Amino acid sequence: MIQDIIKAQLANALQQLYKADAGSQGIVIEETSPDYEGDFTFVVFPYLKVSRKNPEQTASEIGNYLKVTFTELESFNVIKGFLNLSVRTDYWLNFLFENYQKENFGKAEPNSKQAVLVEYSSPNTNKPLHLGHIRNNLLGFAVAQILEANGNIVKTCNLVNDRGIHICKSMVAWMQLGNGETPESSGLKGDHLAGKYYVEFDKQYKKEIESLRLSGMSIEDAEKKAPSIIAAQDLLVKWEAHDPETIRVWKTMNDWVYAGFDETYKKLGVRFDKFYYESNTYLLGKEIVQEGLINGVFFKKDDGSVWIDLTEDGLDQKLVLRADGTSVYITQDLGTAELKYKDFGCERSIYVVGNEQDYHFKVLKLIASKLGKKYAPGIYHLSYGMVELPHGKMKSREGTVVDADDLIAEMEHTAAETTKALGKMEGESEADLAILYHTIGMGALKYFLLKVDPKKKMMFNPEESIDFQGNTGPFIQYTHARIRSVLRNAAGFNKNSFDPKAVVLSKVEKELLVKMYQYPLVIAEAAKDLSPGVLCNYVFELAKIYSLFYHDHPIIKEPNPDQKTMRLFSCELTARIIKSAFGLLGIQVPEKM
RNA sequence: GGUCUCUUAGCUCAGCUGGAUAGAGCAACGGUUUUCUAAACCGUAGGUCGAAGGUUCGAGUCCUUCAGGGACUACCA
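Residues numbered from 1 in each chain as written. Chains lettered and ligands numbered in written order. Predicted model: local features only at pLDDT ≥ 70, side-chain atom pairs only at ≥ 80, totals over all residues. Heavy atoms only, no water.

**A closer look at the sheet that holds strand β13 (residues 387–389)**
Within a sheet, each strand pairs with its neighbour through backbone hydrogen bonds, oriented either parallel or antiparallel. If you walk across this open sheet you meet the three strands as β14-β13-β15, and the pairing is mixed. Sheet topology places β14 (392–393) and β15 (458–459) at the edges, where each strand pairs with a single neighbour. (Pairing = 2+ DSSP bridges. Helix = DSSP H or I, 4+ residues; strand = E, 2+ residues; numbered from the N terminus.)

Laid out in structure tokens, this is it:
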């Protein structure tokens, strides 16, 4: 990379001129701001102490030194303490020529880096997926893809929360009110059917609490004594005792939900290497408790419950095993971590889970490391922010959710309307159009969710539809479609005649080349930060520069064959990068739209 | 109460380990199509980066305090 060469050159210059031992690692250069002439900028302020000259003199001195030693340097200019360096045009043209037809440009050597396990999605099986889950799924998928492109070996898994009191609530309501309703008989998708009874349960439960309260009971008591909740708790006990009828209903309902999830996952385009089910893992972790007791990490209270004291680490005491010997959430997760390590052998393990569980994962990692687990340092909670509506957080029970399937359907619908209104796709088959609408609708939705920093909470207003113009998925997809159209029209053009010396680069043309040159670095940065947003920003900037280039320069009609070739190569590489980057984000790009 | 976190244009968001005059998109207003796809391009307007101190050559970025949001602080998962 040219950046490394520049840094080495600068380090050498500082050494020779001022005897400053910076080492190329310590040198920082940045992209020159567009308002100034140059490609890269070196800020000399930190080195005034060693140069003992004013900023301008120092920068000029370094610039003049580089002019002699650095052959790729075209020119330089100095403004205050900023040394702006321009790289020779040849360098960028050679880059283009060498890479324009590389299928995997930007991606690191596959399987060249550490193995990583990414756990994401992890749904509850009592209700359908909503917008928050979509964010989780897209993030998990994109992060896995990005890590893979970065050279990591990546495995993905999904820990399905298929048991517990919330599942029993749906079951109770269905058993009492369902009259044997099934997805077939109701025409409802399985997960939506289960969700319907989850809501039914809550309605009935609330009514019961209300009437108990009217009869003089306190709220706390009413919440515990309401017949519905008692029924649900009974059911949980029966489930744990493997009562055949309970297990049968549980299995039936869960299977409906899985069929529903499967459909939604397909529409979202996410996949998993392995599914874990909590019904199989919820008893895990007890051996670890024993282990911790033996080596003194845990302690037992008089009632028999087992705890860990994390007060030294600024946290509280935390229960790891109940007095009756049953495990709690953290116990299970410790056990599951062990299981995952056994299954995949990944020392690095990423959990894509909402930021409401920051505390839990802090504790998990801390306990694992106190237990001396090899995988403890590699536990990483990719803590993403909630998706909020104008009224606040989404709550399934209260029906204030943006349903995943509804939203996907709406996005496809809007894509169809917009496409029809533009009228460019007339004559295409219905089947092709359906695929296109899905591609564009999902492109808009995915880009919308992925472009914001995962760590930050984000706002979604259902009243305002997601844009298809500007900084959006469809704009970038459109840029790709446009390039493909140019390349189709240019088919048959003889690309052999390419003499770099006969080419002149305009400002935009050069900007485009420099932008494309950055792609490998952007993948590495996105992987380092586990942030698909970095990639979104990059590909948007690329598409913008391309659009300007396209607007200002003829491509097919360019008379100079070398210039024309250079432009076609630029088109080709831009299209490849857009397709590649969007691929990592899980977004398809159309040939026409 | 304690811990964590957020606050940048009317709205939604960028801003890399401190660097030049704080950037996009949407919304508003005006312009560009006999020419390779106008889901595009160009322009105008819009900001005391929540507030106040501090650190230094330099702070949206680091530190402190305060204000206002949010999350967590379950023998629920």
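After that view of the structure, there is still more to cover.
**As for the packing of helix α15 (residues 329–344) against helix α16 (residues 358–370)**
The geometry of α15 relative to α16 is characterised by a closest axis approach of 10 Å and an angle of 55° between their N-to-C directions. When the interaxial angle is binned, α15 and α16 end up oblique. In this structure, α15 crosses over α16, and the sense of that crossing is right-handed. Only His360, Phe361, Val363, Leu364, Ile367 and Ala368 of α16 make contact with α15, whose side of the interface consists of Tyr329, Ile330, Asp333 and Leu334. (Axes fitted to C-alpha atoms, helices over the stretch in contact; angles between N-to-C directions. Parallel < 35°, antiparallel > 145°, perpendicular 65-115°, else oblique. Left-handed = near helix turned anticlockwise from the far one by under 90°. Contact = heavy atoms within 4.5 Å.)

**A word on the sheet that holds strand β8 (residues 299–300)**
Spatially, β8-β9-β10 is the arrangement adopted by the three strands of the open sheet, whose pairing is antiparallel. Only two strands of the sheet have a single partner each, and these edge strands are β8 and β10 (317–321). With two bridges connecting them, β8 and strand β9 (residues 306–309) associate as antiparallel partners. Across the sheet, residue Phe299 finds its bridge partner in β9, namely Trp307. On top of the sheet, helix α14 (residues 286–294) reaches β8, β9 and β10; it is set at about 125° to β10, its chief contact.

**Here's the deal with the protein's contact with RNA strand B**
Asn161, Glu278, Lys424, Tyr478 and Lys557 are the nearest of the 63 residues found near RNA strand B. Restricting the count to atoms of RNA strand B within 4 Å of the protein gives a sugar and phosphate share of 61%. Here a sugar or linking oxygen of RNA strand B sits 3.3 Å away from a polar atom, N or O, in the main chain of Asn471. Asn537 places a polar side-chain atom, nitrogen or oxygen, 3.0 Å from a sugar or linking oxygen of RNA strand B. (Near = heavy atom within 4 Å. Polar contact = N/O pair within 3.5 Å; in protein donor to acceptor, adjacent residues only side chain to side chain.)

**A word on the domain arrangement of chain A**
Partitioning chain A into structural domains gives domain 1 (2–87), domain 2 (164–268) and domain 3 (404–585). On a C-alpha basis, the centroid separation for the pair domain 1 and domain 3 is 35 Å. Across the contact, six residues belong to domain 1 and six residues belong to domain 3. Interface area, domain 1 with domain 3, both sides summed: about 490 Å², of which 38% is carbon and sulfur. Together, Gln3, Glu31 and Asp39 form the three largest contributors to the area buried by domain 1 at its contact with domain 3, with a combined 61%. Our count for the contact surface shared by domain 1 and domain 3 stands at one salt bridge. Lys510 is paired through a salt bridge with Asp39; the nearest N and O atoms lie 3.1 Å apart. Our count for the domain 1 to domain 3 interface comes out at three residue pairs in polar contact (both at pLDDT 80 or more). (Domains from an automatic or database assignment. Buried area = accessible area lost by both parts, 1.4 Å probe. Salt bridge = Lys/Arg side-chain N within 4 Å of Asp/Glu carboxyl O.)

**Brief notes about the environment of Lys456**
As for its placement among the helices and strands, Lys456 is situated in the loop between α18 (430–450) and β15. By relative accessible area, which is 54% here, Lys456 ends up exposed. Each C-alpha atom of the pair Lys456 and Ser215 lies 46 Å from the other, and the pair is 241 residues apart in sequence. (Buried < 20%, exposed > 50% of the residue type's maximum accessible area, 1.4 Å probe, protein only.)

**Description of helix α9 (residues 190–214)**
Between its first and last C-alpha, α9 extends 37 Å over 25 residues, near the 36 Å set by a 1.5 Å rise per residue. Gly216 sits one or two positions beyond α9 and adopts a positive phi of about 100°. (Expected span 1.5 Å × (residues − 1).)

**Side note on the environment of Lys53**
With respect to the secondary-structure elements, Lys53 resides in the loop between α3 (48–51) and α4 (55–69). A relative accessible area of 34% means that Lys53 is categorised as partly exposed.

**Some thoughts on the nonpolar core**
Grouped together as the largest cluster of nonpolar side chains are 130 residues, with contacts concentrated most on Phe42 and Ile62. The element contributing the most residues to this core is helix α23 (residues 561–585), with 12 residues. Leaving out residues up to four positions away in the same chain, Ile62 has contacts with Leu10, Ala13, Leu14, Leu17, Tyr18, Phe42, Val44 and Leu83. Core analysis: the next-biggest nonpolar cluster, separate from the first, contains 26 residues, Val289, Tyr351, Phe361 and Tyr375 among them. (Core = buried A, V, L, I, M, F, W, Y, C linked by side-chain atoms within 4.5 Å.)

**Some thoughts on the layout of surface pockets**
Empty space within the largest pocket amounts to approximately 1200 Å³. Taken together, 39 residues form the lining of the largest pocket, with Ser122, Asn124, His133, Glu356 and Gln357 sitting closest to its centre. Counting only elements with at least two residues in the lining of the largest pocket, the list comes to α6 (131–149), α7 (165–177), α13 (278–281), α15 and β11 (348–354). Looking at side-chain class alone, the lining of the largest pocket contains 13 nonpolar, 17 polar and nine charged residues. Its boundaries defined by the atoms lining it, the second largest pocket holds a volume of some 630 Å³. Lining the second largest pocket we find 23 residues, and of these Gly38, Asp39, Lys507, Lys510 and Glu511 sit closest to its centre. Considering each element in turn, the lining of the second largest pocket owes the most residues, five residues, to helix α20 (residues 507–517). Looking at the lining of the second largest pocket residue by residue, the class counts come to seven nonpolar, eight polar and eight charged. (1 Å grid on protein atoms, 1.4 Å probe; cavity = no way out; pocket = protein on both sides within 12 Å on 5 of 7 lines; lining within 4 Å. Points joined across faces, edges and corners; volume = space filled by probe spheres on them. Nonpolar A, V, L, I, M, F, W, Y, C, P; charged D, E, K, R; others polar.)

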